[in-house]
Amino acid sequence: MIQLRRVGPDTFITVIDTVLDIYTEAMRPPTDQLTGRLAIMRNHATYPDFVCLLAESPDIVGFAYGFHGAPGQWWHDVVRRALQDQAGTRAAQRWFGDALEIAEVHVRPDYQGKGIGRSLIHAICEGRPERTAVLSTHDAPTAARHLYGDVGFVDLLTRFVFPGGYENYVIAGVPLPLPPQR
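Residues numbered from 1 in each chain as written. Predicted model: local features only at pLDDT ≥ 70, side-chain atom pairs only at ≥ 80, totals over all residues. Heavy atoms only, no water.

**Details of the nonpolar core**
Ranked by internal contacts, the top residues of the largest apolar core, which has 25 residues, are Ile102, Ile121, Cys125, Ala133 and Phe153. Those elements that provide at least two residues to this core are strand S2 (51–56), strand S3 (60–68), strand S4 (99–107), helix H6 (116–125), strand S5 (132–138), helix H7 (143–151) and strand S7 (169–175). Counting residues per element, this core draws most heavily on H6, at 6 residues. Dropping the residues within four chain positions of it, Phe153 is found in contact with Ile102, Ile121, Ala133, Val134, Leu135, Tyr148, Ala172, Gly173 and Val174. (Core = buried A, V, L, I, M, F, W, Y, C linked by side-chain atoms within 4.5 Å. Buried < 20%, exposed > 50% of the residue type's maximum accessible area, 1.4 Å probe, protein only. Helix = DSSP H or I, 4+ residues; strand = E, 2+ residues; numbered from the N terminus. Contact = heavy atoms within 4.5 Å.)

**Here's the deal with the side chain of His122**
With respect to the secondary-structure elements, His122 resides in helix H6. When its relative accessible area of 13% is taken as the criterion, His122 is described as buried. The contacts of His122, once residues within four sequence positions are left out, are Val151, Leu178, Pro179, Pro180 and Gln181.

**Looking at the packing of helix H2 (residues 16–27) against helix H3 (residues 34–44)**
The packing of two helices is summarised by the inter-axis angle and the distance between the axes. At a closest axis distance of 11 Å, the pairing of H2 and H3 adopts a crossing angle of 125°. In terms of axis orientation, H2 runs oblique to H3. Handedness of the crossing formed by H2 with H3: right-handed. In contact with Ile16, Val19, Leu20, Tyr23 and Thr24 of H2, H3 contributes Leu34, Arg37, Leu38, Met41 and Arg42. (Axes fitted to C-alpha atoms, helices over the stretch in contact; angles between N-to-C directions. Parallel < 35°, antiparallel > 145°, perpendicular 65-115°, else oblique. Left-handed = near helix turned anticlockwise from the far one by under 90°.)

The structure is reproduced here in structure tokens:
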């Protein structure tokens, strides 16, 4: 049986190597990107209202984390500016003016397709004071993209390429609170 455990930055840092292993299994990034990803994760733990959910069975088999998005955070600034350029100041403010930014949601491949990702998304959004939740995912017909749409996320930007990158992403958002889990 999978149990979800809500943890803060201190506990997140103590399990960060396991979290990075799960990220690596789920995403299969180039090995040379892992040191940078680890640094990004450590930095995210310092952001305001950081929260992490661990899916345990009893070992950690999945995780999700996020924080309150704010000016001065790289992802927030880049994506908000792009949405503002494409859809206007009002849309950017509506989606990013008071947002939970979900930075990562990953489940070990052997545990995928069992509702763990869906439970993590619902749990991380539960009780949050923000108006919206936003995230990015590959702009392709992946299981993750399908899951986010099924939970209620809508596309805000498509075919978005982050500065210095080459892959297409979709930026998606959903008003909070989330609709009840099905």
